[in-house]
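Below, each chain spelled out in residue letters.
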Amino acid sequence: MKLTVLVDNQASSNCKAEHGLSFYIEYNNKKIVFDAGQTDIATINAHKLGIDLNQTDLIVLSHGHYDHGNGLKYFPKNKPLLAHPDIFTKRYKRINNQYIGLDLSETDIENSFKITRSSKPVKIEHQAWFMGEIPRITDFESISPKYILENGETDPIIDDTALTFNTNKGIVIITGCSHSGICNIVLKAKEFFPHNPIAAIVGGFHLSQIDERLEKTVKFFKQHHITKLYPSHCTHPRVICHLSTHFDVSWISSGDIIEF
């Protein structure tokens, strides 16, 4: 399995960055794009890295936020697209009512891609799964009040999902923003491969503070024998530094390549 970071918050020497996330995953000869970033930077970086996005077999959206899905407008059309049905929810920041949902409408996406909507898990390749809706099980990963719906209620972001792959080294979990809780995502991933160890977690953890939640997350990771982390995007630098005192941590950037 090979993962190339098409875009992340950190730039590298030859690839641009933005507040967004997009991964290019090669697994069992299948080419999967996970999230699309917020602008055309993911496609620009792909070209620099010698990746032909026309060869993409599947695009997956982790959830319906602008920094993960607005870049879709720059990707090759008529490709299969897999996402939770609620990615088109109109959503905003509570503090300033800024719109943070997708710019592309449901009709736009239906006309541009072969979309499959699923709140349930979908097998995307032998021993590779789109997890579907993530149950909120832990008692310390509460829904953030920062995001609201059109009616002013807190947005639970129920469309937040992730991917899980079984590799020779163990389970690899790929996350977008982990709004559903990174530990909840791990618990869901274990359902697909209950007897296999977790080799690594790659992506956004949505952790920003050195607080009780982080300490309980560290404890949870240790209980589940998770040692290798590739945090990115919405994981605050101070959190990454703290995690690095407990685990083998590689802070990823646009253009990085990870192989399992």
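From a predicted model like this one, the values you see are computed outputs, not experimental measurements.

## Some details on helix α1 (residues 41-48)
For α1, the complete set of buried residues consists of Ile41, Ala42, Thr43, Asn45 and Ala46. In this structure, the buried residues of α1 make contact with β1 (2-7) and β2 (22-27). Taken from the residues just after α1, Gly50 is the one with a positive phi, measuring 75°.

## Things to note about the pattern of salt bridges
All told, the structure shown has 8 salt bridges when counted by the stated rule. Across the salt bridge formed by Lys188 and Glu191, the nearest N and O atoms sit 3.3 Å from each other. Of this pair, Lys188 and Glu191 both sit in helix α4 (residues 182-192), 3 residues apart, roughly one helical turn. Residue classification places Lys188 among the buried positions, given a relative accessible area of 11%. Between Asp248 and Lys228 there is a salt bridge whose closest N-O contact spans 3.1 Å. With Asp248 in strand β15 (residues 248-249) and Lys228 in strand β14 (residues 228-232), this pair connects stretches of sequence that are 20 residues apart. By relative accessible area, which is 46% here, Asp248 ends up partly exposed. The class for Lys228 is buried, based on a relative accessible area of 14%. The structure contains a network of salt bridges with shared partners spanning Arg91, Asp155 and Asp159.

## Observations concerning the nonpolar core
Within soluble globular proteins, side chains that are nonpolar tend to cluster in buried spots. With 28 residues, the main nonpolar core has Met131, Ile173, Val186, Ile201, Phe221, Leu229 and Leu243 as its most contacted residues. Among the secondary structure elements, those contributing two or more residues to this core are β12 (170-175), α4, β13 (198-204), α5 (212-223) and α6 (237-243). Excluding its chain neighbours within four sequence positions, the residues that come into contact with Leu229 are Ile201, Phe205, Phe221, Leu243, Phe247, Asp248, Val249 and Ser250. Within the second largest apolar cluster, 26 residues are counted, among which are Ile32, Ala128, Val172 and Ala200.

Conventions we followed
- Residues numbered from 1 in each chain as written.
- Predicted model: local features only at pLDDT ≥ 70, side-chain atom pairs only at ≥ 80, totals over all residues.
- Heavy atoms only, no water.
- Buried < 20%, exposed > 50% of the residue type's maximum accessible area, 1.4 Å probe, protein only.
- Helix = DSSP H or I, 4+ residues; strand = E, 2+ residues; numbered from the N terminus.
- Contact = heavy atoms within 4.5 Å.
- Salt bridge = Lys/Arg side-chain N within 4 Å of Asp/Glu carboxyl O.
- Core = buried A, V, L, I, M, F, W, Y, C linked by side-chain atoms within 4.5 Å.

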